[in-house]
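# Commentary on secondary and tertiary structure
Residues per chain, in single letters:
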Amino acid sequence: MDTKNTALPQIVSETEWMDARDKLLVKEKELTRALDALAAERRRLPMVRIGKNYMFEGPGGPARLLELFDGRRQLMVYHFMMAPGASQGCTGCSSFVDNIGHLAHLNARDTTFILVSPAPLSQIQPFKDRMGWNVPWFSSNGNEFNNDMGAGDGFGLSVFLRDGDEVFRTYFTASRGVDRIRADFNLLDLTPFGRQETWEDSPEGWPQTQPYIWWRLHDDYR
């Protein structure tokens, strides 16, 4: 980037910077408390029993929804956009999966995280190998799981709770609700230029492009 042609933040003294930072910190703490309250409300959502006997295909063969929990109480499913016949997975979904950390930390709190796509497993596995991911990935090819969970042909994040052999749906989010939990977006939000997309409220002259067009599979960046 040629910084000579890019607008920059105002230069101030250390004292002025600390004063501005402290004022912003008050708002950040207010937001943190609001997010804590929202999470508390989310934990109190009712749940609905899953009655259908969905069957999935995984590396170990056919599996029921109950088996996707891998013996744990909680299951998080990312509905990954990869349709039957697609040559590769969705770029946005792929960048989301790139941001997932080591699953041992979720497992330690009795929670399993997996990917589910409508594409057949024979189509999923080569792309998974290319991306170098270790996240368990299952095919919902031939069932209505994605549609029933509200993801349809798009992406989303579903949360389930197991009580014995009964499975309950507790939460679903999509669009910006999924964006919010991405590490790269949250990190960019801390920088002066932000995500550098045109929808953002940034000062005049800040570098920006249209959303999505800069996204690449991680091995396609140049």
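Residues numbered from 1 in each chain as written. Predicted model: local features only at pLDDT ≥ 70, side-chain atom pairs only at ≥ 80, totals over all residues. Heavy atoms only, no water.

## Looking at the overall build of the protein
Within the protein, the secondary structure is distributed over seven helices and eight strands. Once the C-alpha set of the protein is aligned to its principal axes, its extents read approximately 65 × 40 × 30 Å. Considering the protein as a whole, with its 222 residues, one finds that 35% of them fall into the buried category. By sequence separation, contacts in the protein at least 24 residues apart represent 59% of the contacts at least 6 residues apart. Accessible area for the protein stands at about 13,700 Å²; split by element, carbon and sulfur atoms hold 54% of it. A gap of 4 Å separates the mean positions of the 25 positive and 30 negative side-chain charges of the protein. (Helix = DSSP H or I, 4+ residues; strand = E, 2+ residues; numbered from the N terminus. Buried < 20%, exposed > 50% of the residue type's maximum accessible area, 1.4 Å probe, protein only. Contact = heavy atoms within 4.5 Å. Areas by Shrake-Rupley, 256 points an atom, 1.4 Å probe, with all protein chains shown as cover. Lys, Arg positive; Asp, Glu negative; His and termini not counted. Charge placed at Lys NZ, Arg CZ, Asp CG, Glu CD.)

## Quick notes on unusual backbone geometry
Its identity is not glycine, yet D70 carries a phi of approximately 55°, on the positive side. Topologically, D70 is positioned in the loop between β3 (61-64) and β4 (74-79). Owing to a relative accessible area of 54%, D70 belongs among the exposed residues under this scheme.

## A few points about the pattern of salt bridges
Oppositely charged side chains can pair when the atoms bearing their charge come close. On inspection of all chains with the given rule, the structure shows 11 salt bridges. In this structure, the salt-bridge partner of K52 is D148, at a minimum N-O distance of 2.8 Å. You can see K52 sitting in the loop between β1 (48-49) and β2 (55-58) and its partner D148 sitting in helix α5 (residues 145-148), a full 96 residues away along the chain. Since its relative accessible area comes to 47%, K52 is described here as partly exposed. Among the salt bridges present, the one from D220 reaches R130, with a minimum N-O distance of 3.6 Å. (Salt bridge = Lys/Arg side-chain N within 4 Å of Asp/Glu carboxyl O.)

## Digging into the side chain of R195
Tracing the backbone shows R195 in the segment after α7 (183-188). For R195, a relative accessible area of 8% gives the class buried. Within the structure, R195 has its side chain in polar contact with the side chain of D189 (distance 2.9 Å). Not counting residues within four places of it along the chain, the set of residues in contact with R195 comprises R176, F185, L188, D189 and E200. (Polar contact = N/O pair within 3.5 Å; in protein donor to acceptor, adjacent residues only side chain to side chain.)

## Remarks on the nonpolar core
Ranked by size, the top nonpolar core spans 19 residues in total, and within it Y78, F80, F113, L115, F127 and W137 carry the most contacts. Of all the elements in the fold, those that place two or more residues in this core are α2 (91-98), β5 (111-117) and α4 (121-131). Once residues within four sequence positions are removed from consideration, Y78 is found in contact with C93, F96, F113, I114, L115, V116, F155, G156, L157 and V178. Counting 17 residues, the second largest nonpolar core, distinct from the first, contains A63, V77, F145 and F160. (Core = buried A, V, L, I, M, F, W, Y, C linked by side-chain atoms within 4.5 Å.)

## Remarks on the environment of Y212
Within the secondary structure layout, Y212 lies in the segment after α7. Separated by 16 residues in the primary sequence, Y212 and Q196 place their C-alpha atoms 11 Å from one another.

## Focus on the pairing of strand β8 (residues 166-173)
Bridging between β1 and β8 involves two bridges; their strand directions are antiparallel. What sits directly across from R49, in β8, is F168. The sheet contact formed by strand β7 (residues 156-163) and β8 spans seven bridges and is antiparallel. What sits directly across from R162, in β8, is V167. In this structure, the hairpin formed by β7 and β8 is closed by a connection of two residues, where G164 is found at a positive phi of approximately 65°. (Pairing = 2+ DSSP bridges.)

## Quick notes on α4
L121, Q123, I124, F127, K128 and M131 are the residues of α4 that are buried. On an axial view of α4, the arc spanned by its buried residues comes to 150°, and they lie on one face. Projecting away from the buried face of α4 at angles above 90 degrees are the exposed residues S122 and D129. Following α4 by one or two positions, G132 adopts a phi angle in the positive range, close to 75°. (Arc of directions from axis to C-beta.)

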